[in-house]
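# Structural characterization, general
Spelled out, the chains give:
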Amino acid sequence: MEIVPGNQMWIETYDVIKEQVEHSKRLAERDAKRLPVTIITGFLGSGKTTLVNHILTVQHGMKLAVVENEYGEESIDGKLVGGSSEKVNERIVEASNGCVCCTVRGDLIKAIVKLCATYKDLDGILVETTGLADPTPVAQTFYMDQLVTQKARLDGIVAVCDSRFVVQNLAEKKAHGTVNECRQQLAFADIILLNKLDLISKEELKKVKSGVRSINKTAKLIETVRSKVDPKELLGIKAFNVERVMQITPDFLEDRVTNHDEGIGSFVVRLKAPIDMELFQDWIADLLRVSSANLYRSKGLLLASGSSSKFVFHTVHEILEIEEGDEWTEGEKRESVLVFIGKDLDKQEIENGLKNLLA
C-alpha cells in the first residue's frame, strides 16, 4: 500500500520518527550536562601514570580531575601524579588499598560524585585504574549507579599497552576461573596506546599489533613513546559504545565479581635511614636478574644518602629506571617507600636485602 500524507500508516510512521528524534535530543541534552569520564587502564608498568602526568602538564585548555587507584596499601602513583602543582594536586582523589574493579568500587563512586559537586568548571575526569583491574566493572559503574549516572558519563576507555611485554602478558596462563587482566583491558578499550615503541623492533611491533588485533579489532591504535600523545585524541571523543561491549560481554549490565589470581600480591617496605644509591642500583639489578619472571612491577620514592632530592625508581620485569625527582620540602616526612607487586615473592628476603643498603 502506498504511504501518502493523510494516510494512517504515514501518520503512525511520522509519529514514530518524531518520537525517536525527540528522544535523541533529550539524550543529547542530558549528556551535555554530564561530565565526561575517561578510564585509563593497562597492565602493570605500561605507562598509565606517565600518560596521566603528560595529560595534566601539556597545554590543552581543559580543566581535569584525577581519580587515582593503586593496588596495595601504599599509593606511590598518587605521589607521582600532578608533580608539584597545588592546583592539580587538589583535584586528585586516591582510592587505594584495593582494586577499583572490586574492593574499592564504592570509593570510585564517592570520588566521582565529590569531584562533580566540588568543581563546577571541570571539563572531564580521568580514572587511572590499577594495573590488575578488569575495566568491565569500572565501566559498569556509569550505567548501574544512579548517582554516578546523573552526574557523569563514560566517554571512553584508553588502554596503555607495554609493547615490550604485552605478547608475554597475553600468553600468561591463569588459574581456572581467574581473569587475564591484560586481555580484558585490551578487549574493552576504545583506544589502545602501543607504548614504549623505543624498546622494540619493527618486526616485534608487527607481532604486537597482531596480538592486540586478535583481541580487539575495532579500537583505534596510537603508537607512542613514554605515553606522549595529543590529549585531544583521547578526551571528549564520545568513544565508548555500550552495544559493542555487550557483544563481548552480554551480561555487562549485570553485577559481576572479578576473580584475580590469588598468587599475585603486593607489599610495601619503608626505610627511615637514607639509602646508598650505588648499592641500591647493584642490589635491584641482581634482584631483577633472579626474580624478573615473578616480579611484575616495583616502584618507589627513595631517600638517597647525600642528596636533597627524592629519587624515583620503576621496574617492569627486568627493565629498570631510576631518576632524580623534586627536592624534599620542609616538613615533609623523609623516608624511602618501595612497593613490590608479583607472584610468590619472598618479602622477608627483599626486606633484608634493602636493610643492607642503608648508609
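Refer to the preceding data block for the structure.
All chains use their own residue numbering, which begins from 1 and follows the written sequence. It should be noted that, the model being predicted, local features are given only for residues of pLDDT at least 70 and side-chain atom pairs only at 80 or more, the latter also being counted only at that level, while totals for whole chains, interfaces and linings use all residues. To get the side-chain values, take all heavy atoms of the structure and skip hydrogens and water.

Attention now goes to unusual backbone geometry. Of note in the backbone geometry, Lys196 takes a positive phi value of approximately 65 degrees without being a glycine. Only protein chains enter the calculation, and the probe is 1.4 Å; a residue is then buried if its accessible area is under 20% of its type maximum, exposed if over 50%, and partly exposed in between. Looking at Lys196, the relative accessible area reads 18%, which means it is buried. The backbone of Ser227 shows a phi angle near 60 degrees, a positive value even though the residue is not glycine. Each helix is a run of H or I in the DSSP string that is no shorter than four residues. Each strand is a run of E no shorter than two, and both are numbered from the N terminus. Mapped onto the elements, Ser227 comes out in the loop between strand S7 (220–223) and helix H11 (242–248).

Let us now look at the packing of aromatic side chains. For Phe, Tyr and Trp, where Trp contributes only its six-membered ring, two rings pair if their centres lie within 6.5 Å, and the inter-plane angle classes them as stacked under 30 degrees, edge-to-face over 60, or tilted in between. Using the criterion set out here, one finds five aromatic pairs in the structure. Look at Phe43 and Tyr296: their rings are 6.5 Å apart centre to centre, the planes differ by 50 degrees, and that puts the pair in the tilted class. One end of the pair, Phe43, is in the loop between strand S1 (35–41) and helix H2 (48–57); the other, Tyr296, is in strand S9 (residues 295–303), with 253 residues separating them in the sequence. Here Phe43 matches Tyr296 in class, with each residue buried. Judged by centre distance (5.2 Å) and plane angle (70 degrees), the ring pair of Phe280 and Phe313 falls under edge-to-face. You can see Phe280 sitting in helix H12 (residues 277–291) and its partner Phe313 sitting in strand S10 (residues 309–316), a full 33 residues away along the chain. Accessibility expressed as a relative area gives 0% for Phe280, which makes it buried. One aromatic cluster is present, formed by Phe280, Trp283 and Phe313 through successive ring pairs.

Turning our attention to the pairing of strand S4 (residues 124–128). Extensive coverage of S4 is indicated by the burial of five of its five residues. The two faces of S4 match: Gly124, Leu126 and Glu128 on one face and Ile125 and Val127 on the other face are all buried. At least two bridges found by DSSP between two strands are what make those strands a pair. As defined by bridge partners, S1 adjoins S4 across four bridges and the pair is classed as parallel. Counted as the bridge partner of Thr38 is Leu126 from S4.

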